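Spelled out from the first residue to the last, the chains are:
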Amino acid sequence: MRKVHPEFAYQARELEGQIEGILGDPPDHKNYQRMVQALVGEYADGGGIEDVNMLAFALVDHIEFNNPKALLAEAEDYEFGDAARVFAMAECKGEEAAKMYAAIADSMPDLARQAIITAFLHKNPRKWDDDDQSLEQLSANDDGDDIDDEDVASDDFAQMFDQDGE
């Protein structure tokens, strides 16, 4: 298991939620496919929403990865990385998806780098370790020492506002 940047972990969780939301309950696979095809078409034409999660959503069903270890290493830094290197670690199958992959490499390489890694993490959840960011986990070691037991103003503080000098 490897640690990834918290933002990548967040984006991978968001992608999962987005996929489940589009599929619905019961799953509507036709609606899901229409959504993916629309996004792929927009990105292939050089447009599309500049959003990591939307781009990862367009990629996730079409992308194949050829260097998982290197992609995991790239997932340690969200902001900075070699986009060309990440593009070389994956490819998209299908004519329209391959056209999209080439278009995003030219038009939004840094965003696409993040989306490729997000899609990889989504498809390979057992290869990385997600820090538990739940409130229960965040408060597990909180001994409450940052909370004042007294809600009463000290005498020195109160005297600063005492205009009569009492």
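Scroll up to find the structure.
Parameters at a glance
Throughout, a residue's number is its position along its own chain's written sequence, starting from 1. Residue-level local features of this predicted model are given only where pLDDT is at least 70; pairs of side-chain atoms are given and counted only at 80 or more, and the full residue set underlies all totals for whole chains, interfaces and linings. Side-chain calculation: all heavy atoms of the structure are included, whereas hydrogens and water are not. Geometry of aromatic contacts follows a simple scheme: Phe, Tyr and Trp rings, the Trp one being its six-membered ring, pair when their centres are within 6.5 Å, and the pair is stacked under 30 degrees between planes, edge-to-face over 60, tilted otherwise. Under the scheme used here, helices are H or I runs from DSSP no shorter than 4 residues and strands are E runs no shorter than 2 residues, and both carry numbers assigned from the N terminus. Exposure classes here rest on a 1.4 Å probe applied to the protein chains alone. A residue is buried below 20% of its type maximum, exposed above 50%, and partly exposed in between. A carboxyl oxygen of Asp or Glu within 4 Å of a side-chain nitrogen of Lys or Arg is what we treat as a salt bridge. Within 3.5 Å is the distance limit for a polar contact, defined as a pair of N or O atoms, with the added protein rule that one can donate a hydrogen and the other accept it, and that residues adjacent in sequence qualify only through two side-chain atoms. By the convention used here, residues are in contact when the closest approach between their heavy atoms is within 4.5 Å. The definition of a nonpolar core used throughout is a set of buried Ala, Val, Leu, Ile, Met, Phe, Trp, Tyr and Cys residues joined through side-chain atoms within 4.5 Å. Expected span of a helix, by definition, is 1.5 Å for each gap between consecutive residues, and there is one gap fewer than residues. Under this scheme, a helix contributes an axis fitted over its contacting stretch, all axes are lines through C-alpha atoms, and angles between N-to-C directions fall in the 0 to 180 degree range. Note that the term roughly parallel is reserved for angles under 35 degrees, roughly antiparallel for angles over 145, roughly perpendicular for angles of 65 to 115, and oblique for everything else. Crossing handedness is read from the near helix: turned anticlockwise from the far helix by less than a right angle, it gives a left-handed crossing, and turned clockwise, a right-handed one. Following the grouping adopted for this structure description, the nonpolar residues are Ala, Val, Leu, Ile, Met, Phe, Trp, Tyr, Cys and Pro, the charged ones are Asp, Glu, Lys and Arg, and the polar ones are all others, Gly among them.

(A) The packing of aromatic side chains, seen in detail. If you walk through the whole model with that rule in mind, you get four aromatic pairs. Ring geometry for F8 and Y78: centres 4.7 Å apart, planes at 65 degrees, overall edge-to-face. Remark: Y78 occurs in the loop between helix 4 (68-74) and helix 5 (83-88) and F8 occurs in helix 1 (residues 6-23); sequence separation between them is 70 residues. Each member of the pair, F8 as well as Y78, is classed as buried. Where Y32 meets F57, the ring centres are 5.5 Å apart and the plane angle is 85 degrees; that geometry is what we call edge-to-face. Remark: F57 occurs in helix 3 (residues 52-59) and Y32 occurs in helix 2 (residues 29-44); sequence separation between them is 25 residues. Here the two residues Y32 and F57 agree in accessibility, since each one is buried.

(B) Structural view of the pattern of salt bridges. Under the defined criterion, the tally for this structure stands at four salt bridges. Close ionic contact of D45 with K99 constitutes a salt bridge, the shortest N to O distance being 3.7 Å. Placement of the pair is D45 in the loop between helix 2 and helix 3 and K99 in helix 6 (residues 95-107), with a sequence separation of 54 residues. Here D45 falls in the exposed class, since its relative accessible area comes to 61%. With a shortest N-O distance of 3.9 Å, E74 and R113 are connected by a salt bridge. Placement of the pair is E74 in helix 4 and R113 in helix 7 (residues 109-123), with a sequence separation of 39 residues. Each member of the salt-bridge network shares a partner with another, and the members are E74, R85 and R113.

(C) Geometry of the side chain of H122. Relative to the helices and strands, H122 is located in helix 7. A polar side-chain atom of H122 sits 3.3 Å from a polar atom in the side chain of E16. Leaving out residues up to four positions away in the same chain, H122 has contacts with A12, L15, E16, I19 and V60.

(D) Region of the structure containing the nonpolar core. Counting 48 residues, the largest nonpolar core has L59, I104, I116 and L121 as the members making the most contacts within it. The element contributing the most residues to this core is helix 7, with eight residues. With near-sequence residues (within four places) excluded, L121 lies in contact with V4, F8, A12, L72, A75 and W128.

(E) Expanded view of helix 6. Compared with an ideal rise of 1.5 Å per residue, which puts 13 residues at 18 Å, helix 6 spans 18 Å between its outermost C-alpha atoms and is within 8% of the ideal. Buried within helix 6 are the following residues: A97, M100, Y101, A103 and I104. Along its buried surface, helix 6 packs onto helix 2, helix 3, strand 2 (63-65), helix 5, strand 3 (90-92) and helix 7.

(F) Structural detail: the environment of F57. Looking at F57, the relative accessible area reads 0%, which means it is buried. In sequence terms F57 and A115 are 58 residues apart; their C-alpha atoms lie 8.3 Å from each other. When residues no more than four places from it in sequence are discounted, the contact partners of F57 are L15, Q18, I19, I22, Y32, M35, V36 and L39.

(G) Summary view of the packing of helix 2 against helix 6. Two elements in contact, helix 2 and helix 6, have axes whose closest approach is 7 Å; the angle formed by their N-to-C orientations is 45 degrees. Viewed along their axes, helix 2 and helix 6 adopt a mutual orientation that is oblique. Our pair here, helix 2 against helix 6, has a crossing hand that is left-handed. Contacts between helix 2 and helix 6 involve V40, G41, Y43 and A44 from the former and E96, A97, K99, M100, A103 and I104 from the latter. Along the lines of polarity and charge, the residues of the contact of helix 2 with helix 6 split into seven nonpolar, one polar and two charged.

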